[in-house]
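# Fold and contact review
Residue strings, one per chain:
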Amino acid sequence: MAKEIPVYLFVGFLESGKTKFIQETFEDPNFDSGDKTLLLICEEGEEEYNEKKFAFPGVTVKVLEDKSELNPQNLAKLGKEADAGRVVIEYNGMWLLQELADALPENWLVAQEFMFADAGTFLSYNANMRQLVVDKLAGAEMLVLNRMTPGADVTPYHKIARAVNRRIEILYEYTDGSTHYDDIEDPLPFDLNAPVIEIGDADFAEWYRDLGETPANYEGKTVRFKCRALKRSKMPANTFIVGRHVMTCCVEDIQFAALVCQWDKADTVQDDSWMILTAKLNFKFNKAYGRKGPVLSYVSHELCEAPEQPVATFY
């Protein structure tokens, strides 16, 4: 089996500060792991690397001129030529990360992912190219927002980032040289300690995501929410599907966020009906999932009209 190679991924749009950060990182002796390093550059901006200032030897710099070079065979070849024990990638902000995931050799594993953004253009990018912004935020451990004006309101930046990735850390770098970690708290819009957790119509998407991220918080809890009920012939006996369509960033990515509900009268459920469902949540194996997952045990329901916004969103 091939040795696993860690990949350090730096994403963001052109002139967002990626090159500067990587340069400074390579000038730090503490980043010397003893491994040879392959630095892959997927876009070139005004800032250039100064290899003479790198604090350690064994760095091979390669520029990918075209997306066609982004494939497992070519990347594996470059890694072998560099005898790389680790890889650093400065990724093109206009390329989707799934394209990179499909291109990585099997033994290349993303160890850390950071996103960089210019505060002066970030809100505009989000308004006009939200799919690309969401694509970069979704898997990042940290968002570095540079060129912030001292005293600027950080709330709009915080809301955009945390709506996509509730666990992302945010670092603000100001034009006066100061830095500040985001310390705005993000309380959930529903009470996890209530006897019945009431999920508001506008909060379904956030609840569904939190359910996947922190399942232990919902084990054995009773929830109540508005949903579509669907009956499918291939479902196990006494089982039906509930959920809502969820949009992360744009119309193209709308998906049905489904949950399995068990009820001995499931055959009485009207297909494609809207209901307010009360049910108890447990995480266990279910044939409908083919694995362990969240299973609702029916308590009660009442038919209702669709919510004002049938497609749930994070913002």
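Just above, that's the structure.
When the charged atoms of two side chains lie near each other, side chains of opposite charge can form a pair. Taken as a whole and assessed by the stated rule, the structure comprises 16 salt bridges. Across the pair Lys20 and Glu24 runs a salt bridge, and its minimum N-O distance is 2.8 Å. With Lys20 and Glu24 both in helix H1 (residues 18-26) and 4 residues apart, the pair spans about one turn of that helix. Using a relative accessible area of 42% as the deciding quantity, one classes Glu24 as partly exposed. The partner of Glu213 in a salt bridge is Arg166, and the shortest N-O contact between them spans 3.6 Å. Here Arg166 lies in the loop between helix H6 (155-164) and strand S7 (169-174) and Glu213 lies in helix H7 (residues 204-213), a separation of 47 residues in the sequence. Look at Glu213 and you get partly exposed, because its relative accessible area is 28%. Beyond isolated ion pairs, a larger network of salt bridges with shared partners links Arg166, Arg167, Asp210 and Glu213.

This brings us to unusual backbone geometry. One non-glycine residue with positive phi stands out, namely Asp83, at about 50°. Assignment of secondary structure puts Asp83 in the loop between helix H2 (72-82) and strand S4 (86-90). Despite not being glycine, Asn238 has its phi angle at roughly 60°, a positive value. Note on placement: Asn238 falls in the loop between strand S10 (222-230) and strand S11 (239-247).

Definitions and limits used
- Residues numbered from 1 in each chain as written.
- Predicted model: local features only at pLDDT ≥ 70, side-chain atom pairs only at ≥ 80, totals over all residues.
- Heavy atoms only, no water.
- Salt bridge = Lys/Arg side-chain N within 4 Å of Asp/Glu carboxyl O.
- Helix = DSSP H or I, 4+ residues; strand = E, 2+ residues; numbered from the N terminus.
- Buried < 20%, exposed > 50% of the residue type's maximum accessible area, 1.4 Å probe, protein only.

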